[in-house]
Each structure stands twice: as C-alpha cells, then as structure tokens.
Amino acid sequence: MKRFKITMAAVASAALLLAGCGGEPAGPSADFDPNAPVTLDLAFWGNDTRAGFYQDAIAKFNEKYPKITVNSTFLPFPEFWEKRQIEAAGHDLPDVMQFDYAYLRQYSQNRLLLDLKPYLGKYIKTDGFAESTLGIGVVNGVTTALPIGTNAWAMFTNTALVTKTGAGAYAGGTSWDEYATWMGSVVKAGGGSVWGGTDPTGRIQNFEISLRANGKNLFDDAGAPQFTKAELAEFWGRGAQVRGTGATIPTKRLLEVAPKSGFGAGLTTSELTWDNFGAGYAGDLGADASGLALTAPPVTKAGAKDLYLKPSMLHAIAANSAHPEASALLVDFLLNSQEAGAVFGTNRGLPASSTHLAGVKLDPLSQKILDYETSIKDRLGAAPPVPVVGYGSIEEKFRQLGEELGLGTVTVEQAVDQFFSEMDTILKK
C-alpha cells in the first residue's frame, strides 16, 4: 500500500506538471444564454446517500435552468483524486468539482482551475459569504474555489464525564496554563482513571494558533515556513512539562485504544480538534454522548485573531470547461440556494453561505457547532494561505514526532531536527 501511494504521488506530480502548460480562459462571454442547451459534468466524492442529495439538488436546479443538463459522478475519496490526476494530464477535468482544501494550491498553481473573480456577483452571488470566508479559496491572489461549508478549531468537552469525576467544568478560552491546571484537577477528582485531555502539543494546529496569536502563519503565500526551530522547541518543551504533571493521558494508553481517540474512548474529558468531528465523537461515545459540548480553545495572547474558518470542502470549476458561465450558475445554486440547503442539510459541513444555511434544518449537534462558530467571532482572523503542496505529510510527521515525544523515544532537540529535515525535503519537491 505504501509503494502504491508513493507511485500515485509520482503520477500525480507528473500529471499536474503536464497540465500546467495549458492556456487561460478569457472570462465570461457577453453572449451567454442560460436557456441555451448545454451539458455539464459534475464530480464529487461521497457515498450513495450524498449522491442522492446531489440528484435531488440537480432536479431543483433544473426547475430554474431546464436547458442545462448536469451529469454527475461520484467515487470514494482516494479514487476520486486518482481519477482527477489522470484527467488533469489531458485537460479533461469535469466542469464542476467538489474540491478538497489540501489539493487546492497544487491544482491552482498549475492553472487547472478557473479564476472565479469575473463570475462573482453576476453568476455566483457573494452576499451570503463573510469577506474572510470568500478569501479561503484564494491562491496567489486568484479565487479558484469557494467554500461549501466551514469548520473551526475548537475544544470538545464531555460534560457528563466531567460531572461523573466530580471536577468542575472547563470555562473555555482560558490561558494554556489554566487549561493544564484544569486537566490536572480532572485526574485528581477522577482518581486517575480519567484524564483531563490529550497532550495539546501533539497537534500542529495548536502550534499554528500559537503562531497566529503572534501575527504569524505556519507558511507564507510562497510556501516558506514562518517559524523557527527555537519556536518549535519551545512549544514542544511546554508539552513535556504538561505530560510531567500527569494531567494528560499517556501516549501508551492512547495507542492501546486506537483508532479511537482518548476522548472518543471516554478516557479524557476534553479534546482539541476541528468542530466538525462532533459526529464521529457522538458515534464513538454512543449513549455517553449526551454531554458533548463545544467551547473555545485556550488563548495564547488576549485579543489575538488566532482562530479562522477552514473549508470542510469547496466547489471549483475546471479551467478547461467549455461552459464556464453555466458551471458558475450551478456552483451558485449548490453554494447559495435555500433549496440546496434543504436537500443537503449539513452533509457537506455547516454551510458557509448564510442564504444556503437558511434552508437547513439543523440537528442538535449542528446547532452546537453553529453556536460555537458564532461565539468565537471576535477571535476569527483571516484564513491563512492555502496549504502548501505536501501539507498532509508535514502534518502527519508532526503528529508522529509528538507521539514519539510522548513515549520518550526522542528528545525535543532530536524531534525538532527531524521535523525540519522532513519538512525541507517535502517543500523542495
């Protein structure tokens, strides 16, 4: 499997390199007639349930535009991207695609995606989007995708489990030291059978928000790191201090319950992650999920705009589309219409467009996510630059080294050197 993934990565790079040689469209045609018959290809990843939602949404779209035929296809996530890589080599991508954030820079820099700016306002309404949300799909100053849904970095707490231990509730948005103290109080109250959380320095996102609190991102728009070895060493050093207090679940115990997290296994009372992980936690906890709650992560610096909205997924239009105007109308409907909102609900994440959200009937967990994202508005800053090519591998290396630090198999100095060496190799590719 590992060799297969490496081979596919090489194929992908070659395909996109070839694809980058294509020309660029001139922009919307003044002669476009939405009542003229055209056929569009729409591609998305998902399952039969999501496919049914898309079919229903397309039927609603055709009530407005009966002459625009939409042929939709779907695949599981890995196969979806394998097929896109092959199509990219021949400039034969589908007109409209559901898109993943991790691939956006790669496809955008190779000029495979349509510049949407000339279509905004006229074919794709932007009234329902916050300005910061519209910037999510911008690569090197060019809008190549728009978010379908959003999520934000958050803290989940299991209030029922906290109550069971006899500890007090976590207030949310405290300092990191106060959070560590609270985690320790959970361990003490629970007699050592339950922990307050997982070592937060094992996740690159917690490092990211600490950087953002000081006006930095992980990487700039050119893909260069904005942090030093000293900053990473200081961050991982704080993790060693917290682990030393016994407040966080031991790494060895986490490995025993994998693939569940400590939180999903009911062994910790808090977890820092993306707010759309709630459904997964609810499934893991089952009947014990009644106490699932969302609150703000700890604060590095008061008043900082350290949090941001990340797209759960996006919609993009292929640069090779022969019908960009009709494609833009379809994207507008799928992103903005209340009709599509009523069909999809939160299947594609909490809607980024307020007009789309207005059509959604929220379940209790989705309402909690909406309430949470509303509550952190004062901490929301501009989204960071679109992830560098290879970001997924960088994130995974950070996680692996965090695990090794927890097991005590590497020192902080060794982990920092290994991370920078691996990151440099990935970025040079």
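Thresholds, definitions, all that
Residues numbered from 1 in each chain as written. Predicted model: local features only at pLDDT ≥ 70, side-chain atom pairs only at ≥ 80, totals over all residues. Heavy atoms only, no water. Helix = DSSP H or I, 4+ residues; strand = E, 2+ residues; numbered from the N terminus. Contact = heavy atoms within 4.5 Å. Phe/Tyr/Trp six-rings, centres within 6.5 Å; stacked < 30°, edge-to-face > 60°. Buried < 20%, exposed > 50% of the residue type's maximum accessible area, 1.4 Å probe, protein only. 1 Å grid on protein atoms, 1.4 Å probe; cavity = no way out; pocket = protein on both sides within 12 Å on 5 of 7 lines; lining within 4 Å. Points joined across faces, edges and corners; volume = space filled by probe spheres on them. Nonpolar A, V, L, I, M, F, W, Y, C, P; charged D, E, K, R; others polar. Pairing = 2+ DSSP bridges. Axes fitted to C-alpha atoms, helices over the stretch in contact; angles between N-to-C directions. Parallel < 35°, antiparallel > 145°, perpendicular 65-115°, else oblique. Left-handed = near helix turned anticlockwise from the far one by under 90°. Core = buried A, V, L, I, M, F, W, Y, C linked by side-chain atoms within 4.5 Å. Salt bridge = Lys/Arg side-chain N within 4 Å of Asp/Glu carboxyl O.

(A) Fine view of the environment of Thr 39. Mapped onto the fold, Thr 39 is located in strand β1 (residues 38–45). For Thr 39 and Asp 306, which are 267 residues apart along the polypeptide, the C-alpha to C-alpha distance reads 44 Å. Residues within four places of Thr 39 in sequence aside, it is in contact with Thr 69, Asn 71, Asp 95 and His 323.

(B) Quick peek at the packing of aromatic side chains. Per the counting criterion, the structure on display carries 37 aromatic pairs. Their ring planes at 75° and their centres at 5.7 Å tell us that Phe 32 and Tyr 123 sit as a pair that is edge-to-face. With Phe 32 in the loop between α1 (2–19) and β1 and Tyr 123 in the loop between α4 (101–109) and α5 (131–134), this residue pair connects regions lying 91 residues apart in the sequence. Note on Phe 32: relative accessible area 22%, which makes it partly exposed. Consider the rings of Phe 99 and Tyr 107, whose centres lie 5.3 Å apart with planes at 85°: the pair is edge-to-face.

(C) Summary view of the layout of surface pockets. By volume, the second largest pocket is sized at about 850 Å³. Lining the second largest pocket are 34 residues, and of these Thr 198, Arg 203, Ser 261, Glu 271 and Arg 399 sit closest to its centre. Put simply, the parts of the chain that give the lining of the second largest pocket at least two residues each are α8 (204–212), α10 (251–257), β7 (270–274), α11 (278–285) and α16 (391–407). Broken down by element, the residue count for the lining of the second largest pocket peaks at eight residues, all from α16. Looking at the lining of the second largest pocket residue by residue, the class counts come to twelve nonpolar, twelve polar and ten charged.

(D) Structural detail: the pairing of strand β6 (residues 146–158). The buried count for β6 comes to 13 of 13 residues, which makes it a mostly enclosed element. Strand direction decides the pairing type here: β6 and strand β9 (residues 309–317), joined by six bridges, are antiparallel. Opposite Pro 147, over in β9, you have Leu 314 as the bridge partner. In terms of strand pairing, β6 meets strand β10 (residues 350–351) through two bridges, oriented antiparallel. Among the inter-strand pairings, Gly 149 is bridged to a residue of β10, identified as Pro 351. Both β6 and β7 contribute to a ladder of five bridges, which runs antiparallel. Directly across from Trp 153, in β7, lies its bridge partner Trp 274. Inspection of the sheet shows β6 paired to strand β8 (residues 292–295) by four bridges, in the antiparallel sense. Paired with Asn 158 across the strands is Leu 292, a residue of β8.

(E) Empty space enclosed by the protein, seen in detail. According to the stated counting rule, one finds one cavity of 30 Å³ or more in the structure shown. Of the volumes computed, that of the largest cavity is approximately 40 Å³. Every residue along the wall of the largest cavity is listed here: Ser 132, Thr 133, Ile 136, Tyr 308, Leu 309, Leu 380, Gly 381, Ala 382 and Ala 383.

(F) Just the packing of α8 against helix α9 (residues 229–244), in detail. Two elements in contact, α8 and α9, have axes whose closest approach is 11 Å; the angle formed by their N-to-C orientations is 120°. In terms of orientation, α8 lies oblique with respect to α9. Of the two possible hands of crossing, α8 and α9 adopt the one that is right-handed. On α9, the residues touching Asn 206, Phe 207, Ser 210 and Leu 211 of α8 are Glu 231, Leu 232, Phe 235 and Arg 238. The residue makeup of the contact of α8 with α9, split by class, is four nonpolar, two polar and two charged.

(G) Spotlight on the nonpolar core. Ranked by size, the top nonpolar core spans 93 residues in total, and within it Leu 42, Phe 61, Ile 68, Phe 99, Leu 104, Tyr 179 and Tyr 372 carry the most contacts. The greatest single-element share of this core, amounting to eight residues, is contributed by helix α12 (residues 324–336). In this view, Ile 68 contacts Pro 34, Val 38, Leu 40, Phe 61, Asn 62, Ala 326 and Leu 329; residues no more than four positions away in its chain are not counted. With 22 residues, the next largest nonpolar core counts Leu 218, Trp 236, Val 416 and Ile 426 among its residues.

(H) How the structure looks around unusual backbone geometry. With an omega of 15°, the peptide bond between Ala 258 and Pro 259 qualifies as cis. Examined against the element boundaries, Pro 259 turns out to sit in the loop between α10 and β7. Not every positive phi belongs to a glycine, and Arg 111 is a case in point at roughly 55°. Look at Arg 111 and you get partly exposed, because its relative accessible area is 36%. Of note in this structure, Asn 140 is not a glycine but carries a positive phi near 50°. Looking at the element boundaries, Asn 140 is found in the loop between β4 (138–139) and β5 (142–143).

(I) Broad picture of the pattern of salt bridges. Inspection of the entire model under this criterion finds eleven salt bridges. For the salt bridge of Asp 221 with Arg 105, the shortest nitrogen-to-oxygen distance reads 3.3 Å. Pair noted here: Asp 221 is in the loop between α8 and α9 and Arg 105 is in helix α4, with a separation of 116 residues, a long-range link. Classification of Asp 221 as partly exposed rests on a relative accessible area of 33%. Of the charged contacts, one joins Asp 417 and Lys 229 as a salt bridge, the two residues approaching to 3.1 Å between their closest N and O atoms. On the criterion of sequence distance, the pair formed by Asp 417 in helix α17 (residues 412–428) and Lys 229 in helix α9 is long-range, its members being 188 residues apart.

Functional significance is not addressed by these values, which are geometric in nature.
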